Amino acid sequence: MTAGVVQTGSGEGPADASAVEGEYTRMRWPQLIWSSTKARAGIILLLLFVLVALLAPVIAPYEGTRSDFGALLPPSGDHLLGTTSQGGDIFSQLIYGSRISLTVGLFGGLVSTAIALIIGMWSGYKEGTVTDDILSFITNVAIVVPVLPLMIVLIAYSEVRGVPLMVFVIGITSWAGHARAKRSQIITLRNRDFVTAAKFAGEGRIFREIMPSMTSLVAAGFVGAATGAIGAEAGLSFLGLGDPNTVSWGTMLYQADAQGAVAQGLWLWVLAPGLVLALLITSLTFINFGVDLLSNPHLRED
Amino acid sequence: MRYFTRKIVFFLATLWAAITLNFIIPRLQPGDPAEVMVQKLAGKDAQLNPAAVEAMRAMLGAPEGSLFEQYIAYLKALSQGDFGISYTYYPYPVTEVIGQALPWTLVLVGVTQILAFVIGVTLGAYAAWRRNTRFDSIVTLGSTFLGTLPSFWIALLLLFVFGYTTGWFPTGGGYSSTSPGLNVAFLGDAAYHSLLPALSLLISAPIGWILGMRNTMIMNLGEDYIRLAKAKGLPDRVVALRYAARNALLPSVTGFAIALGGVLGGSILVEKIYDYPGMGRLMDEAIGNRDFPLLQALLLFIIVGVLLANLIADLLYGVLDPRVRRAES
């Protein structure tokens, strides 16, 4: 936080009203989110997932991709959740699977948010021009086109499978709703006095002036996009579109379904990956309750 | 009138964009698409069979000529309903394969979507009316919780509990002993088979409507005309239903197409799990067999379906809400 204050001081010209406002929101940010019990629970849960993903080699008894154990062993001290029909250790796969979900969530969310920011802000800033018409049309098309079938076709054509492809495909298909919100926010913001004032300081400054006021919406959009990306990865992997050489919760469920785990009553194999997936999504949903406090002051009173 | 023209123009423009996108996607990969596809089918290291490449060219349509000429030929084929031949169901044309599956998905997704709308809007409106009561918090927290569960995982659990463990419902397929036809026995059988898949979709589908309706309704309840209606001494039920809910319903109509896209996406996963003979299972098969003609035609069909639903919702919105029409002209 101190670093942030120093930065403002070294900025060109005197610290005007908008810079102070930006600093103010940035300072209050963590406190505001932390003040929500749900958000606090969400953050702690998410940190737990991050910790597990980072320490996977320490926590997991075996490599996630190892599959030379006996098939369908019941839960025991050696295999906490038993093994799959290909001889993989379910517990180790679960631990290593968190890495894929978190990576896709982080980078898929980032790519999607970046595209939404660029298109939404550009479109809103050029409101009423042909540029805006074209960008708005693209956004509206991207909103109505169903995402999952489009992602499926894009991935199906690709020769290489894996996390970078997932991130790319999820990023370029799921930015539209966020972009539209960003556009309308820019339109209301650009007519505010402090932005008009900034306009006299030269065109280049305007985005820098507007950005701080948008941070809460950007954050909310990012958490939403990351949640969507995690769900999309699971769904796509469940359809067999994941990297066959890695273990994710989606590929675990794909294997379970393909090997008839449901029919054979191997409920641990089906239950465990879905449960951790739901827990991770819950943690992000809870964090979003906190982020909502930033953009919607009415919620703060309770 | 301008409102309706604008919406129809948007529909046509989106349709064109979707058709063009469908043309571009296979051509994004480097190299000759026909060669690349045959290589994919044969495996990485296999020798290319010139005859197979030629056949693939014929199927992809007019590979010779500039990209523009290919595009024209592609549009021409589409206008004649020619989507190519499916690899999986060779030698049947893709349109015929999809035609078989379409009614199944149409009924499954259509019924769930409408039920989700009715359930969602009703629960949302009632929760807003009884704001901050126990009913409200149960509905709001319940939907938030259910919203975090992946829909295909719910489908797997339902299949496990109600299909295999208790044996109350069939574990897969669209029908069993009966033969397809418009008779009571078959329709009953099909409905029985579609119950679990529909339930899997229905658990998460109303959530968007619930939360959206609740928000708009709460906003509407603070408006002056509600206060006036109450001051006039109108019964609570009339104020809630005919004044607040009626107006809050309007924005929900515009979300219809986006929600439909979500349910359609979910149905791909759910149909795979229940081996349901619709377009979703077809898509899963197409992925497994790298059946690109089928995959692309399915994508186009799904997009066009959602666009049509969107158009209908937009037009309906214009009819229902005169303010929209006036604002645009």
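About the criteria used
Residues numbered from 1 in each chain as written. Chains lettered and ligands numbered in written order. Predicted model: local features only at pLDDT ≥ 70, side-chain atom pairs only at ≥ 80, totals over all residues. Heavy atoms only, no water. UniProt positions renumbered as here; feature names shortened; annotations may be inferred. Helix = DSSP H or I, 4+ residues; strand = E, 2+ residues; numbered from the N terminus. Buried < 20%, exposed > 50% of the residue type's maximum accessible area, 1.4 Å probe, protein only. Contact = heavy atoms within 4.5 Å. Areas by Shrake-Rupley, 256 points an atom, 1.4 Å probe, with all protein chains shown as cover. pLDDT = per-residue confidence, 0-100. Core = buried A, V, L, I, M, F, W, Y, C linked by side-chain atoms within 4.5 Å. Buried area = accessible area lost by both parts, 1.4 Å probe. Salt bridge = Lys/Arg side-chain N within 4 Å of Asp/Glu carboxyl O. Nonpolar A, V, L, I, M, F, W, Y, C, P; charged D, E, K, R; others polar.

Looking at an unreviewed UniProt entry, one finds chain B named ABC transporter permease and attributed to Actinomadura alba. Recorded in UniProt for chain B, the comment headed Sequence similarities (unreviewed entry) runs: "Belongs to the binding-protein-dependent transport system permease family."

Naming follows an unreviewed UniProt entry, where chain A appears as ABC transporter permease of Actinomadura alba. Check the Sequence similarities (unreviewed entry) section of the UniProt entry for chain A; it says "Belongs to the binding-protein-dependent transport system permease family." Regarding chain A, the UniProt comment filed under Subcellular location (unreviewed entry) reads as follows: "Cell membrane".

> Teacher, can you tell me more about the overall build of chain A here?
Within chain A, the regular secondary structure consists of 13 helices and zero strands. When the helices and strands of chain A are listed from N to C terminus, the series reads α-α-α-α-α-α-α-α-α-α-α-α-α. Each of the 302 residues in chain A was classed as buried or not, and the buried ones make up 48%. Of the contacts made within chain A by residues no fewer than 6 positions apart, 68% connect residues no fewer than 24 positions apart. For chain A, the exposed surface amounts to about 13,900 Å²; the carbon and sulfur share of it is 66%.

> Honestly, the confidence of the model for chain B in this entry has me stumped. Any pointers?
Caution applies to low-pLDDT parts of the model: their predicted coordinates are not meant to be read in detail. Looking at chain B, pLDDT values average 86 and 88% of them are 70 or higher. Here the complex is predicted with pTM 0.86, and the ipTM for its interfaces comes to 0.88.

> Sorry if this is basic, but what is going on with the nonpolar core here?
Burial of nonpolar side chains together is a common tendency in soluble globular proteins. Counting residues in hydrophobic clusters, the biggest one holds 127 residues, and the most contacted among them are A:Ile152 and B:Leu295. Counting residues per element, this core draws most heavily on helix α5 (residues 94–129) of chain B, at 13 residues. Not counting residues within four places of it along the chain, the set of residues in contact with A:Ile152 comprises A:Leu236, A:Leu239, A:Leu241, B:Ile268, B:Met283, B:Ile287 and B:Leu295. Counting nine residues, the second largest nonpolar core, distinct from the first, contains A:Leu117, A:Ile186, A:Phe194 and A:Val218.

> Can you walk me through the UniProt feature "transmembrane region" (unreviewed entry) in chain A in this structure?
Residue and element names in this part refer to chain A. The residues that UniProt annotates with the feature "transmembrane region" (unreviewed entry) are residues 41–60, 100–122, 134–157, 163–181, 217–239 and 266–291. Its end C-alpha atoms 28 Å apart, residues 134–157 is made of 92% helix and 0% strand. Between the end C-alpha atoms of residues 163–181 there is a gap of 28 Å, over a span that is 89% helix and 0% strand.

> Would you mind going over the interface of chain A and chain B with me for this structure?
When the parts of a complex come together, some accessible area is lost, and that lost area is often taken as the interface size. Between chain A and chain B, the residue contacts involve 42 residues of the former and 43 residues of the latter. The contact between chain A and chain B buries some 3,800 Å² in all, and 82% of this surface belongs to carbon and sulfur atoms. Counting the surface chain A buries against chain B, the share from its top three residues, A:Val144, A:Tyr157 and A:Val262, is 19%. The tally of links between chain A and chain B comes to zero salt bridges. Residue assignment for the side of chain A that touches chain B shows that the elements contributing at least two residues are α6 (130–144), α7 (147–157), α11 (206–238), α12 (249–258) and α13 (267–295) of chain A. For the side of chain A that touches chain B, the leading source of residues is α13(A), giving 11 residues. Split into classes, the residues belonging to the side of chain A that touches chain B amount to 31 nonpolar, seven polar and four charged.

> How should helix α13 (residues 279–289) of chain B be read in this particular structure?
One full turn of an α-helix is made of 3.6 residues, so residues set three or four places apart face in the same direction. Taken residue by residue, α13(B) has B:Met279, B:Gly280, B:Leu282, B:Met283, B:Asp284, B:Ala286 and B:Ile287 as its buried positions. In this structure, the buried side of α13(B) is in contact with α7 of chain A together with α5, α12 (256–274) and α14 (292–320) of chain B.

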